[in-house]
Amino acid sequence: MATAYRRDAKVSPQWWGVSPALDLQMYCHSNTVQPDNSSNDTHELNFLLIGGGDGRHLLKTIGQARRWPRRKLNFYIIESDLELLARQMLFLTLVLENPEKMGLQEKTETFVELFGNSLIRSQTATYLQEKCDLFIRYVTDPDFQQTVMPSLNLNALKYKERDELENMFKFWRTTDPKLFPIENFWDLSNRQYLGRRYDSRNGAYDWDLTMKLQDRGAGVIHSREYCNWRENGVAFMNREGNYDVPNKTLASQVTVVQNGTKVHTRGYWGDITTSPYIAFGIESEDKSLFKKANGVHVKTAQDISLYNITALFYELITGQKYSLPSTSTKSEETKLSKLSPEQSDSKRKITESNNREITPENQSQPTRKNDFLPLNDVEIHFLPLSWVNELHHKSKFLKLFNLIYFSCRTVHFLKPQFKQISAYKATLVLELTKFVLDLQAEKVKNCVSLVTDLAKESGFAARESIYWKSNHVASFELIDDFGTTQNGL
């Protein structure tokens, strides 16, 4: 029985972030940009992301890359759980689906379901199952993976980790819903978390929303959407349809104690309080999304998430910023359809121009490569968790990284040796615990002091004052040998 299980001390996977997505180039000091060794015309930036979790910073940085001077972007990603790397592989594949095969609206809706829903529609589950065969070949056939997705580098993963990823993808591919009854797992997690408050849980949901999330800056999250997610784990419902298939990408395996014996079991061990809305749903470049009527936000966090992800994917495909029509009553879906197979000639030309970026040599490769958009000047490296304390022992990483990011769950890995792998004027970005609901305000304040001390011990100084209630990340700059930063801090 599931109720007989007790989790071991292992930290649960962070399926979605507790801070909004970042364009990491905005945090890089201009003097830290380095020439690319392979080209005299292109400069490069190297990012080390430790514990990002959901890949939101990766996707936003790639999506907005053409706002900046041309640079080669190298991402090195370390996660606490292999399940997180598997999901990022899924998201990257989905984002790069050729627009001729998957329209922008369908891509956006599929993404948000897989990203933040415990239950998904049958057509979304079918997409996931179909891609699993591709992912299995990715981890078992390196030559095939490099042919189809050359921007993704899995060379650092060991055979054991590849085997575990293969097993995950085989589990995702199964169609039996009884193998992962997430509705039962979700209810069990709620009961364990709320205890005696379970029978009055709607009041507990409302308290967490108004007194914590909204008070700390997530006021756009509506009570109805938040309480519905807290109750059943479904954050995004974009179309009429049945959300009744378990989202197996949210499954993880941990060691639990069953009747005094340690066993491995698969279940849901993730967030049930903060919500998936923080990553894409509480900030936006389009400030009209935050209009109020009678003191209440007109748009919901779900609306803003859909807009931001749509804009991100649109910009990745076309190189142009996305905006809703301002002088037309056309719905957002009307504009989205412009990138479907029935898109207009002008948008078709933009898509074709992106496809033409494939070189003649690449065109001779198997046609499956053309199923995905190319990521020019981008390389993404998945690294083992065991490397987090060993990077400074590897000569190729010394003085390499222009920006290093730690999530609030992995900041304890930050040590003075990270200065050895930091480039000149490197930036350190540390996620704060602003939206971690289990922490009271006093502990959230103390977190600011804690990360500041950790950064200082590692050779970094704060660029500006950090306020616990307004900042969701803190940025620091590497102190040079004379004890100063570019700003003289």
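In this report, the structure presented in the accompanying data block is examined. Just so you know, these numbers come straight off a predicted model, no measurement behind them.

**Brief notes about the overall build of the protein**
- What the protein contains, in helices and strands, is 15 helices and 16 strands.
- For the protein, the residues scored as buried account for 56% of the 489 residues in total.
- Contacts in the protein between residues far apart in sequence, at least 24 positions, make up 75% of those at least 6 positions apart.
- Carbon and sulfur atoms form 48% of the exposed surface of the protein, whose accessible area is close to 22000 Å².

**Considerations on helix α11 (residues 301–318)**
- A rise of 1.5 Å per residue sets the reference length of α11, with its 18 residues, at 26 Å; its end C-alpha atoms lie 25 Å apart and thus fit the reference within 8%.
- Most of α11 sits out of view: 17 of its 18 residues are buried.
- Gly319 lies just past α11 and shows a positive phi near 80°.

**Side note on the layout of surface pockets**
- By volume, the second largest pocket amounts to about 730 Å³.
- Along the walls of the second largest pocket sit 33 residues, with Ala21, Lys60, Glu283, Ser284 and Glu285 positioned nearest its centre.
- Taken together, the elements giving at least two residues each to the lining of the second largest pocket come down to α10 (277–280), α11 and β16 (473–478).

**Some remarks on the packing of helix α7 (residues 182–194) against helix α9 (residues 223–232)**
- In contact at an axis separation of 7 Å, α7 and α9 are set at 100° when each is read in the N-to-C sense. In this view, α7 runs roughly perpendicular relative to α9, as classed from their interaxial angle. Note on element contacts: α9 touches α7 through Trp229, Arg230, Glu231 and Asn232, opposite Trp186, Asn190, Tyr193 and Leu194.
- In terms of residue class, the contact of α7 with α9 is made up of four nonpolar, two polar and two charged.

**Considering the packing of helix α2 (residues 82–95) against helix α3 (residues 104–116)**
- Packing of α2 against α3 leaves a shortest axis separation of 10 Å and a crossing angle of 170°. When the interaxial angle is binned, α2 and α3 end up roughly antiparallel. Residues Arg87, Leu90, Phe91, Leu94 and Val95 of α2 form the contact with α3, whose participating residues are Lys107, Thr110, Phe111, Leu114 and Phe115.
- Considered class by class, the residues forming the contact of α2 with α3 number seven nonpolar, one polar and two charged.

**Looking at helix α4 (residues 122–140)**
- Between the first and last C-alpha of α4 there are 28 Å, a value that for 19 residues agrees with the 27 Å anticipated at 1.5 Å per step.
- When the local axis directions of α4 are compared, the greatest deviation, roughly 30°, occurs at Cys132.
- The set of residues buried in α4 consists of Thr124, Ala125, Tyr127, Leu128, Lys131, Cys132, Leu134, Phe135, Ile136, Tyr138 and Val139.
- Buried residues in α4 make contact with α2, α3, β5 (119–120), α5 (142–148), α6 (159–173) and β7 (245–246).

**A closer look at the packing of aromatic side chains**
- On inspection of all chains with the given rule, the structure shows 26 aromatic pairs.
- With a centroid separation of 6.4 Å and an interplanar angle of 80°, the aromatic rings of Phe171 and Phe180 are classed as edge-to-face. There is no split in this pair, since Phe171 and Phe180 are both buried.
- The residue whose ring lies beneath Arg266 is Phe171, and the NZ or CZ to ring-centre distance is 3.9 Å.

**Brief notes about empty space enclosed by the protein**
- Taken as a whole, this structure holds two cavities of 30 Å³ or more when the rule is applied.
- The calculated volume of the largest cavity comes to roughly 60 Å³.
- Lining the largest cavity we find Leu49, Gly52, Gly53, Asp54, Gly55, Arg56, His57, Leu58, Ile77, Glu79 and Gln88.
- Considering each element in turn, the lining of the largest cavity owes the most residues, three residues, to helix α1 (residues 56–63).
- Tallied by class, the residues present in the lining of the largest cavity amount to three nonpolar, five polar and three charged.
- Of the voids in this model, the second largest cavity is the one considered here, and its volume is about 40 Å³.
- Forming the walls of the second largest cavity are Leu59, Ile62, Gly63, Leu92, Val95, Leu96, Leu312, Leu316 and Leu375.

**Some details on the side chain of Asn471**
- If you trace the backbone, Asn471 turns up in the loop between β15 (460–462) and β16.
- At 2.7 Å, the side chain of Asn471 forms a polar contact with the backbone nitrogen of Tyr467.
- If near-sequence neighbours (up to four positions away) are discounted, Asn471 is found in contact with Leu432, Lys434, Ser465 and Ile466.

**Points about the nonpolar core**
- Counting 110 residues, the largest nonpolar core has Phe75, Phe111, Phe169, Ile221, Tyr268 and Ile380 as the members making the most contacts within it.
- The element best represented in this core is α11, accounting for eleven residues.
- Setting aside anything within four residues of it in sequence, one finds Tyr268 in contact with Trp15, Trp16, Phe180, Ile182, Phe185, Trp186, Ser189 and Leu250.
- Formed by 35 residues, the second largest nonpolar core is a distinct cluster that contains Ile50, Leu391, Val411 and Ile466.

**Looking at the pairing of strand β8 (residues 252–258)**
- Summarising the sheet, β8 and strand β9 (residues 261–267) pair through seven bridges and their orientation is antiparallel. Within the sheet, the bridge partner assigned to Ser252 lies in β9 and is Gly267.
- Here β8 folds back onto β9, and the loop between the two strands holds two residues, one of which, Asn259, carries a positive phi near 55°.

**So, the environment of Ser288**
- Its place among the elements puts Ser288 in the loop between α10 and β10 (292–293).
- A residue is classified by how much of its surface remains accessible, and Ser288, at 36% relative accessible area, is partly exposed.
- It is 9.2 Å that separates the C-alpha atoms of Ser288 and Lys299, two residues lying eleven residues apart in sequence.
- Within the local environment of Ser288, its side chain forms a polar contact with the side chain of Asp286, the two groups lying 2.4 Å apart.

Criteria and cut-off values
Residues numbered from 1 in each chain as written. Predicted model: local features only at pLDDT ≥ 70, side-chain atom pairs only at ≥ 80, totals over all residues. Heavy atoms only, no water. Helix = DSSP H or I, 4+ residues; strand = E, 2+ residues; numbered from the N terminus. Buried < 20%, exposed > 50% of the residue type's maximum accessible area, 1.4 Å probe, protein only. Contact = heavy atoms within 4.5 Å. Areas by Shrake-Rupley, 256 points an atom, 1.4 Å probe, with all protein chains shown as cover. Expected span 1.5 Å × (residues − 1). 1 Å grid on protein atoms, 1.4 Å probe; cavity = no way out; pocket = protein on both sides within 12 Å on 5 of 7 lines; lining within 4 Å. Points joined across faces, edges and corners; volume = space filled by probe spheres on them. Axes fitted to C-alpha atoms, helices over the stretch in contact; angles between N-to-C directions. Parallel < 35°, antiparallel > 145°, perpendicular 65-115°, else oblique. Nonpolar A, V, L, I, M, F, W, Y, C, P; charged D, E, K, R; others polar. Bend = angle between axes of the 7 residues up to and from the residue. Phe/Tyr/Trp six-rings, centres within 6.5 Å; stacked < 30°, edge-to-face > 60°. Lys NZ or Arg CZ within 6 Å of the ring centre and 35° of its normal. Polar contact = N/O pair within 3.5 Å; in protein donor to acceptor, adjacent residues only side chain to side chain. Core = buried A, V, L, I, M, F, W, Y, C linked by side-chain atoms within 4.5 Å. Pairing = 2+ DSSP bridges.

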